[in-house]
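Topology and contacts: notes
Each chain, written out:
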Amino acid sequence: MEKRWDSHLRFPFLLFLALCSQVQSNEQTHTYSVGDRINLWVNKVGPYHNPQETYEYFKLPYCKPELGIKTTKKRLSIGEELEGHDLTNSGYAIYFSKDVEPTKLCSQVLSKQDAKQFADAVDVHYWYQMYLDDLPIWGMVGEIYQGDGAADKDTDKFVFTHRKLSISYNGPRVIEVNLTSENLKPIKAGAQLDFTFSVKWTPTNKPFARRFDRYLDN
């Protein structure tokens, strides 16, 4: 005799399968399907020569993303709390194994105060930290120009406006993330800065169990 599901039982079962699929493909399991959204979290900023002095990422006047993705705080684990993390969704639209051509994240016109904050940060070599799938990434805010024209104190400090993410993956898992900072722009009141990013995915044979080895190298 053929067995049939009652209609009132079918929907809860399908909903259960959908929820299981979501649970199996996220930051907790470190397992993704092609096209799954991956959060890039911004964490801290601070002077390179004093790593204990850190501030919230958006203490610097970086403009907020305009990609329609709400910036939210990540619920921290006990370990992240103890390490003083403050993880905020960057708003970068990153999808597993999908390359992203240079894309504008947001634009802003620097006020006098904004320019001073960026210039002061570059002057003491501010770095920032981000996380993707629990892997840390570091970058510098900008550089001091040492060539001709450096005597102009209003324009001898520059901020990086493009971030190129290179991500390696093995099957459904993220293995390695590297950041290259590009496109230096002068820090000057009234200047318009267009912040952009790009993403390049590359397959690798490196096992997931060894993805933190590079951070343990002296």
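Computed from a prediction, not measured in an experiment: that's the story for all the values here. (Residues numbered from 1 in each chain as written. Predicted model: local features only at pLDDT ≥ 70, side-chain atom pairs only at ≥ 80, totals over all residues. Heavy atoms only, no water.)

With seven of seven residues buried, strand β5 (residues 126-132) lies mostly within the body of the structure. With burial as the criterion, each face of β5 is covered, one bearing Y126, Y128, M130 and L132 and the other bearing W127, Q129 and Y131. Pairing between strand β1 (residues 40-47) and β5: six bridges, direction antiparallel. Bridge pairing in β5 places G46 opposite W127. Alignment of β5 against strand β6 (residues 135-140), held across six bridges, turns out to be antiparallel. Following the sheet pairing, M130 is matched in β6 by I137. Counted along the chain from β5 to the antiparallel partner β6, the turn is two residues long, and its residue D133 has a positive phi close to 50°. (Buried < 20%, exposed > 50% of the residue type's maximum accessible area, 1.4 Å probe, protein only. Helix = DSSP H or I, 4+ residues; strand = E, 2+ residues; numbered from the N terminus. Pairing = 2+ DSSP bridges.)

With that out of the way, let us pick up empty space enclosed by the protein. In the structure shown here, the tally under the stated rule is two cavities of 30 Å³ or more. Quantified by volume, the largest cavity comes out at close to 100 Å³. As for the largest cavity, its lining consists of twelve residues, and the residues nearest its centre are Y57, C63, Y92, L105 and R163. Partitioning the lining of the largest cavity into residue classes produces ten nonpolar, one polar and one charged. One number sums up the size of the second largest cavity: a volume of about 30 Å³. What lines the second largest cavity is Y62, Y128, M140, V141, F160, H162, R163 and S181. Ranked by the residues each element gives to the lining of the second largest cavity, the list is headed by strand β8 (residues 157-170), at three residues. Residues of the lining of the second largest cavity, tallied by class, amount to five nonpolar, two polar and one charged. (1 Å grid on protein atoms, 1.4 Å probe; cavity = no way out; pocket = protein on both sides within 12 Å on 5 of 7 lines; lining within 4 Å. Points joined across faces, edges and corners; volume = space filled by probe spheres on them. Nonpolar A, V, L, I, M, F, W, Y, C, P; charged D, E, K, R; others polar.)

This part covers the packing of aromatic side chains. By the definition in use, this model includes 14 aromatic pairs. Ring centres 5.0 Å apart and planes at 10° place the aromatic pair Y57 and Y62 in the stacked group. Each member of the pair, Y57 together with Y62, is buried. Judged by centre distance (5.7 Å) and plane angle (50°), the rings of F212 and Y215 are tilted. Owing to a relative accessible area of 27%, Y215 belongs among the partly exposed residues under this scheme. Taken together, the aromatic side chains of Y57, F58, Y62, F118, Y128 and F195 make up a single cluster linked through ring pairs. R163 extends its terminal NZ or CZ atom over the ring of Y128, reaching a point 4.2 Å from the ring centre. A cation sits over an aromatic face here: R173 above F208, 4.3 Å from the ring centre. (Phe/Tyr/Trp six-rings, centres within 6.5 Å; stacked < 30°, edge-to-face > 60°. Lys NZ or Arg CZ within 6 Å of the ring centre and 35° of its normal.)

What follows deals with the nonpolar core. By size, the foremost hydrophobic cluster in this structure holds 41 residues, and its most contacted members are Y62, I94, F118, L132, V141 and V174. Mapped onto this core, the elements with two or more residues apiece are β1, β4 (100-109), α3 (112-123), β5, β6, β8, β9 (173-186) and β10 (192-203). (Core = buried A, V, L, I, M, F, W, Y, C linked by side-chain atoms within 4.5 Å.)

Within the element layout of this structure, S90 appears in the loop between β3 (88-89) and β4. You can call S90 buried: its relative accessible area is 2%. Polar contacts involving the side chain of S90 include one to the main-chain amide nitrogen of Y92, which spans 3.2 Å. (Polar contact = N/O pair within 3.5 Å; in protein donor to acceptor, adjacent residues only side chain to side chain.)

Turning to the state of the cysteines, a few remarks are in order. Applying the stated criterion across every chain, the model contains one disulfide. A sulfur-sulfur distance of 2.2 Å marks the disulfide that ties C63 to C106. Taking the sign of the torsion about the S-S bond as the criterion, the disulfide between C63 and C106, at about 75°, is right-handed. Linking C63 in the loop between β2 (55-56) and α2 (78-82) with C106 in strand β4, this pair joins segments that are 43 residues apart in sequence. For C63, a relative accessible area of 13% corresponds to the buried category. Taking relative accessible area as the criterion, C106 reaches 1% and is therefore assigned buried. (Disulfide = S-S within 2.5 Å.)

Without other data, these values stay purely geometric and don't point to any function.
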